[in-house]
Amino acid sequence: MMLAKVVGHVVATQKCDELRGSNLLLISKLDDDLQPIKDHTWAAIDNVGAGMHDIVLVEEYLALNKDRYKAMSVIAIVEQVFRDR
Amino acid sequence: MMLAKVVGHVVATQKCDELRGSNLLLISKLDDDLQPIKDHTWAAIDNVGAGMHDIVLVEEYLALNKDRYKAMSVIAIVEQVFRDR
Amino acid sequence: MMLAKVVGHVVATQKCDELRGSNLLLISKLDDDLQPIKDHTWAAIDNVGAGMHDIVLVEEYLALNKDRYKAMSVIAIVEQVFRDR
Amino acid sequence: MMLAKVVGHVVATQKCDELRGSNLLLISKLDDDLQPIKDHTWAAIDNVGAGMHDIVLVEEYLALNKDRYKAMSVIAIVEQVFRDR
Amino acid sequence: MMLAKVVGHVVATQKCDELRGSNLLLISKLDDDLQPIKDHTWAAIDNVGAGMHDIVLVEEYLALNKDRYKAMSVIAIVEQVFRDR
């Protein structure tokens, strides 16, 4: 799962059915100092009520619990990262 | 989901059945200033009626609603990107 | 789907059952000037009768129509690429 | 499967159901000298009881044996790596 | 499918059930001169009886023919690579 930070959000009115009702966050992958990596940004469906600047885990996940469709999603809010150097 | 821009389209007569009837767009991944990244270009099936220069979300999606086949597809047209720096 | 060029082929006698009878092409990803990118080369199953130097679309696809196995495959031959700069 | 080293762990209270009860490790991809590559770090579900500094194999795996959901997971602890140069 | 070379193997006693009985090879992706690319090395399940220094094709494949689990696997031994420059 990608360790990422919520850096914004995206507004999209015209979209496929599986995305309707979803909150679309903008997330940036974090480097080993937990800073966003430039130009490593994606849109992800929020599944956990994540807020701006939260550190999150991002992975493919079932959109709206529909079995046949998966999309990049925020699946956990990270409280602490323990890293040995 | 990849944040990308529609930069062109592709014509392909000879193709697998799952692609028949699909509109094939050329999309380039965007950097954090929403500019296309050089040489980060793919072809994607249009699912939402996207037009030239639209900012879009791109993800694997079921081609022509066939359960057994997924391909890179445009699944949303982005109206606004809010990003905190 | 990756925009690629057929640059050769591969001979493999010893292979898993799902690949038997398949034509294995060597394909290189194209840059924005439609030139092959060095060291971005893969092997792909031919599904559309592609020939040497053809520009093609490459994506995961069902090998030999077996539901349980997917592999990188050539799924379309590209006749024209329209790109706005 | 990615050859990686366990370099820490992640605490996440708010998460999707499929992750509940999982131990979330921080893993870094290894280079050819078996040293962690900077900024190539992900979170992965522990399936084998891996400990800090273990060399492990990481791959998509079924979270909590649920058929419908896969996430990046530690699936083996590596005891020895034999490499010919 | 990735064109790769077998450069070693991995010993792992503690592993998930799907990997039991599998031979775990160390493979490095090849560049366009068929030389291993530094730090582009993975572990892969052997499905075809590949040996040290063999050039092989690597792709996600069903581990031990179990429908629900796929892992990076060696699925063909390459005898010849024909490449036009």
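Heads up: the structure comes first, above all this text.
Quick caveat: nothing in here was measured; it's all calculated off a predicted structure.

So, how was this worked out
- Residues numbered from 1 in each chain as written.
- Chains lettered and ligands numbered in written order.
- Predicted model: local features only at pLDDT ≥ 70, side-chain atom pairs only at ≥ 80, totals over all residues.
- Heavy atoms only, no water.
- Contact = heavy atoms within 4.5 Å.
- Buried area = accessible area lost by both parts, 1.4 Å probe.
- Salt bridge = Lys/Arg side-chain N within 4 Å of Asp/Glu carboxyl O.
- Polar contact = N/O pair within 3.5 Å; in protein donor to acceptor, adjacent residues only side chain to side chain.
- Nonpolar A, V, L, I, M, F, W, Y, C, P; charged D, E, K, R; others polar.
- Least-squares fit on C-alpha atoms with pLDDT ≥ 70 in both.
- Buried < 20%, exposed > 50% of the residue type's maximum accessible area, 1.4 Å probe, protein only.
- Helix = DSSP H or I, 4+ residues; strand = E, 2+ residues; numbered from the N terminus.
- Phe/Tyr/Trp six-rings, centres within 6.5 Å; stacked < 30°, edge-to-face > 60°.
- Lys NZ or Arg CZ within 6 Å of the ring centre and 35° of its normal.

**Q** Lay out the interface of chain C and chain B in plain terms, naming residues and giving numbers.
**A** One frequent convention defines the size of an interface as the accessible area lost when the parts assemble. Contact with chain C, which involves 27 residues of that partner, is made by 32 residues of chain B. Taking both sides of the interface into account, the surface hidden between chain C and chain B amounts to around 2400 Å²; carbon and sulfur atoms contribute 51%. Applying the counting rule to chain C against chain B returns zero salt bridges. Across the contact surface, chain C and chain B share 16 residue pairs in polar contact (both at pLDDT 80 or more). Of the residues contributing to the side of chain C that touches chain B, the split by class is 13 nonpolar, three polar and eleven charged.

**Q** Mind laying out the relation of the copies chain C and chain B, listing which residues take part and the relevant values?
**A** The operation relating chain C to chain B is a screw motion whose rotation component is 72°, with 0.0 Å of axial translation and a residual RMSD of 0.0 Å. Interpreted geometrically, this transformation is the action of a five-fold axis. When the interface residues of chain C are mapped onto chain B, a mere 7% of them again lie at the interface, so each copy presents a different face.

**Q** So what's going on with the pattern of salt bridges? Which residues, and what values?
**A** Tallying each qualifying case throughout the model produces 15 salt bridges over all chains. Between Arg20 of chain B and Asp17 of chain B there is a salt bridge, with the nearest N and O atoms lying 3.5 Å from each other. Given the relative accessible area of 42%, Arg20 of chain B is considered partly exposed. Measuring nitrogen to oxygen at the nearest pair gives 3.5 Å for the salt bridge that ties Asp39 of chain C to Lys38 of chain C. On the basis of relative accessible area, Lys38 of chain C is assigned to the exposed category, the value being 54%.

**Q** Describe in detail the interface of chain B and chain A, supporting the description with residues and values.
**A** Of the residues lining the interface, 26 residues belong to chain B; the matching set on chain A comes to 32 residues. Summing both partners gives a buried area of about 2400 Å² for chain B against chain A, and 51% of it is carried by carbon and sulfur. When the buried area of chain B at its contact with chain A is split by residue, Met1, Tyr61 and Phe82 of chain B rank highest and sum to 25% of it. Counting across the interface, chain B meets chain A through zero salt bridges. The tally of links from chain B across to chain A stands at 16 residue pairs in polar contact (both at pLDDT 80 or more). Those elements that provide at least two residues to the side of chain B that touches chain A are strand 1 (2-11), strand 4 (55-62), strand 5 (70-77) and strand 6 (80-83) of chain B. With five residues, the single largest contributor to the side of chain B that touches chain A is strand 4 of chain B. Split by residue class, the side of chain B that touches chain A holds 13 nonpolar, two polar and eleven charged.

**Q** A description of unusual backbone geometry should follow, citing residues and the corresponding values.
**A** With a phi angle near 65°, Asp39 of chain D is a residue other than glycine that sits in the positive phi range. Counting through the fold element by element, Asp39 of chain D comes out in strand 3 (residues 36-46). Its relative accessible area of 22% is what places Asp39 of chain D among the partly exposed residues. Phi is positive for His53 of chain E, which is not a glycine, with a value near 75°.

**Q** Could you give an account of the packing of aromatic side chains, with specific residues and numbers?
**A** Applying the stated rule across the entire model yields zero aromatic pairs over all chains. The positively charged end of Lys29 of chain A is found above the aromatic ring belonging to Trp42 of chain D, 4.8 Å away from the centroid.

**Q** Which residues make up the environment of Val11 of chain A, and what are the values?
**A** Checked against the element boundaries, Val11 of chain A lands in strand 1 (residues 2-11). Discounting residues that sit within four places of it in the chain, Val11 of chain A has contacts with Ile77, Val78, Glu79, Gln80 and Phe82 of chain B.

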